[in-house]
Amino acid sequence: MNPESFFRSELAAWPLAAENFRNLEKASAQAVSLTDSEPWRIRKLLVSHRRASITAKTDPQSIAARPCFLCEANRPPEQSAITGHGFQTLVNPYPLARRHYTIASARHEPQRISGHLQEMARLTHEFRDLCVFYNGPLCGASAPDHLHFQAISTEVAAGLTDPRLPLETIDSSDGCKLLRSVSGAVPYPFFIIDSTDTAALVRCADLLLDSLPQAEPEPMVNVAMVMLPDGRLRTFIAPRRHHRPAVYGSGPGKMLVSPATIEMLGTIVCSRPEDFERLDLATATAILGEVSLDEQQFAATIHRYQQLNTPQQ
């Protein structure tokens, strides 16, 4: 069964998912753009059914105390899966776009990007009209104990495919080019890898991950992949320094905004009307900048990459 037929059959059999996708359509129609026609757009989206994900406790004690909702034994009886290549494709019942899938490992294993970039590239070729993304275990994943990717309609990644996106080349080799965002042109620094060769992409991305500030259990990062119109694979890598901003919380003056890959791509998800009303461009930009590397840390990462990429004499 292809993903589109699977999607329709799941919604026909699963009232909760069908209702949430209908509500998402209404929410998307009411989304508010915080920028004008800039290549890197920021908008805010009010989706109340994302509250559980935004407020998820991801500390080891909380994870150990709850059943893993991505393991087959713990899924709702209405939820079916397409199995292949050691992964199971699921319709995400709490969507953020017209199409939203979760692709979970068929076995319970930790959320780690190392060793799985090739699989992510394969999925991007399979879901070539969607954006495939990865939330690090400390960067938005509500299931940091179970390896998974997500695939979503590309409207949430419009900036990635905008030909006006200002980029500077760091490194270029056969089949792969590493670029960086131009300082001051976007709200925070990130990397782009354009590739026509999966093996070259994996080598470049692994070297870049080794160059990032190291943390446990892995460098803090959000990753997204899309197919460009010319067939190249574009990989977005957003290094992080914080899981959540200082403003995160439910008390007075706080906001339940917890950046994951979707937010780093420019769609700020709010689950409370009061947060949606309060969020303006300055606040959104400050949040994204706070959880990302600063320019000094970003420059140090590039320097480290160049050192590691220089052949030893």
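Quick caveat, the model's predicted, so the values are computed rather than measured.

(A) Here's a closer look at the sheet that holds strand E3 (residues 82–84). Judged by pairing direction, the sheet is antiparallel, and its 10 strands sit side by side in the order E3-E4-E5-E7-E6-E11-E12-E10-E9-E8 without closing on themselves. In the strand order of this sheet, the two ends are held by E3 and strand E8 (167–173), each with one partner. Neighbour to neighbour, the strand axes of the sheet diverge by 20° on average, direction disregarded. When strand E11 (residues 221–227) meets strand E12 (residues 233–239), the two strands line up antiparallel, connected through seven bridges. Of the residues in E12, the one forming a bridge with Val-221 is Pro-239.

(B) Representation of empty space enclosed by the protein within the structure. Within the structure shown, the criterion is met by one cavity of 30 Å³ or more. Quantified by volume, the largest cavity comes out at close to 40 Å³. When the residues that make up the lining of the largest cavity are grouped by side-chain class, the tally is seven nonpolar, one polar and one charged.

(C) Looking closely at the sheet that holds strand E2 (residues 43–46). Reading across from one edge, E1-E2-E13 is the order of the three strands in this open sheet, with mixed pairing throughout. Looking along the sheet, the strands with just one partner apiece sit at the ends: strand E1 (32–33) and strand E13 (267–270). Where E2 lies against E13, four bridges are found, and the strand directions are parallel. Note on E13: the bridge partner recorded for Lys-44 is Ile-268.

(D) Inspection of the side chain of Glu-10 at higher detail. As for its placement among the helices and strands, Glu-10 is situated in helix H1 (residues 3–13). In this structure, Glu-10 is buried with no salt-bridge partner, the nearest side chain bearing the opposite charge being Arg-75 at 8.7 Å. With near-sequence residues (within four places) excluded, Glu-10 lies in contact with Glu-78, Gln-79, Ser-80 and Val-91.

(E) Representation of the layout of surface pockets. Size it by volume and the largest pocket reaches roughly 750 Å³. Along the wall of the largest pocket there are 38 residues; nearest its centre are Arg-50, Ser-53, Phe-69, Tyr-94 and Ser-142. Secondary-structure elements contributing two or more residues to the lining of the largest pocket are helix H3 (51–54), strand E4 (87–91), strand E5 (100–105), strand E6 (130–135), strand E7 (148–153) and helix H7 (261–264). The element that contributes the greatest number of residues to the lining of the largest pocket is H3, accounting for three residues. The class makeup of the residues in the lining of the largest pocket is 19 nonpolar, 15 polar and four charged. Quantified by volume, the second largest pocket comes out at close to 180 Å³. Considering the residues around the second largest pocket, the lining is formed by 13 residues, among which Ser-173, Ala-200, Arg-203, Cys-204 and Asn-309 are closest to the centre. Here the lining of the second largest pocket gets four residues from one element, more than from any other, and that element is helix H6 (residues 198–211). Split by residue class, the lining of the second largest pocket holds six nonpolar, three polar and four charged.

(F) View of the nonpolar core. Formed by 47 residues in total, the largest nonpolar core has its most connected members in Tyr-101 and Phe-191. The greatest single-element share of this core, amounting to eight residues, is contributed by H6. Among the nonpolar cores identified, the runner-up in size contains 43 residues, and Ile-54, Tyr-188, Ala-224 and Ile-262 belong to it.

(G) Seen up close, the pattern of salt bridges. A complete count under the given rule lists 16 salt bridges for this structure. In this structure, the salt-bridge partner of Asp-230 is Arg-232, at a minimum N-O distance of 2.7 Å. For Asp-294, the salt bridge is made with Arg-241, and the minimal N-O distance between the two is 3.8 Å. Linking Asp-294 in the loop between helix H9 (281–291) and helix H10 (295–308) with Arg-241 in the loop between E12 and H7, this pair joins segments that are 53 residues apart in sequence. Judged by relative accessible area, which is 32%, Arg-241 ranks as partly exposed. Beyond isolated ion pairs, a larger network of salt bridges with shared partners links Asp-194, Asp-230, Arg-232 and Arg-234.

The rules behind the values
- The numbers attached to residues start from 1 for each chain and follow its sequence in the written order.
- Per-residue local features are limited, in this predicted model, to residues with pLDDT of at least 70; the limit for side-chain atom pairs, both in listing and counting, is 80 or more; totals at the level of whole chains, interfaces and linings are taken over all residues.
- Heavy atoms throughout the structure, all of them, feed into the side-chain values; hydrogens and water do not.
- Only strands joined by at least two bridges in the DSSP assignment are considered to pair.
- Secondary structure elements are defined from DSSP: runs of H or I of at least 4 residues count as helices, runs of E of at least 2 residues count as strands, and each element is numbered from the N terminus.
- Every angle, taken between N-to-C directions, lies between 0 and 180 degrees, and every axis is a line fitted to C-alpha atoms, over only the stretch in contact when it is a helix.
- In this analysis, the protein atoms alone were mapped onto a 1 Å grid. Cavities are point sets where a 1.4 Å probe fits without being able to get out; pockets are open sets with protein on both sides within 12 Å along at least five of seven lines; lining residues have an atom within 4 Å of a point.
- Grid points are joined across faces, edges and corners, and a volume is the space filled by probe spheres set on the points.
- Three residue categories are used. Nonpolar comprises Ala, Val, Leu, Ile, Met, Phe, Trp, Tyr, Cys and Pro, charged comprises Asp, Glu, Lys and Arg, and polar comprises the others, including Gly.
- Summary of the burial criterion: residues with accessible area below 20% of their type's maximum are buried, those above 50% are exposed, and those between are partly exposed, where the area comes from a 1.4 Å probe applied to protein chains only.
- The sign given to each residue is positive for Lys and Arg and negative for Asp and Glu; His and the chain ends receive no count.
- One side-chain nitrogen of Lys or Arg within 4 Å of one carboxyl oxygen of Asp or Glu is enough to make a salt bridge.
- The contact criterion used throughout is that any non-hydrogen atoms of two residues lie within 4.5 Å.
- Joining through side-chain atoms within 4.5 Å is the link that ties buried Ala, Val, Leu, Ile, Met, Phe, Trp, Tyr and Cys residues into a set, and such a set is a nonpolar core.

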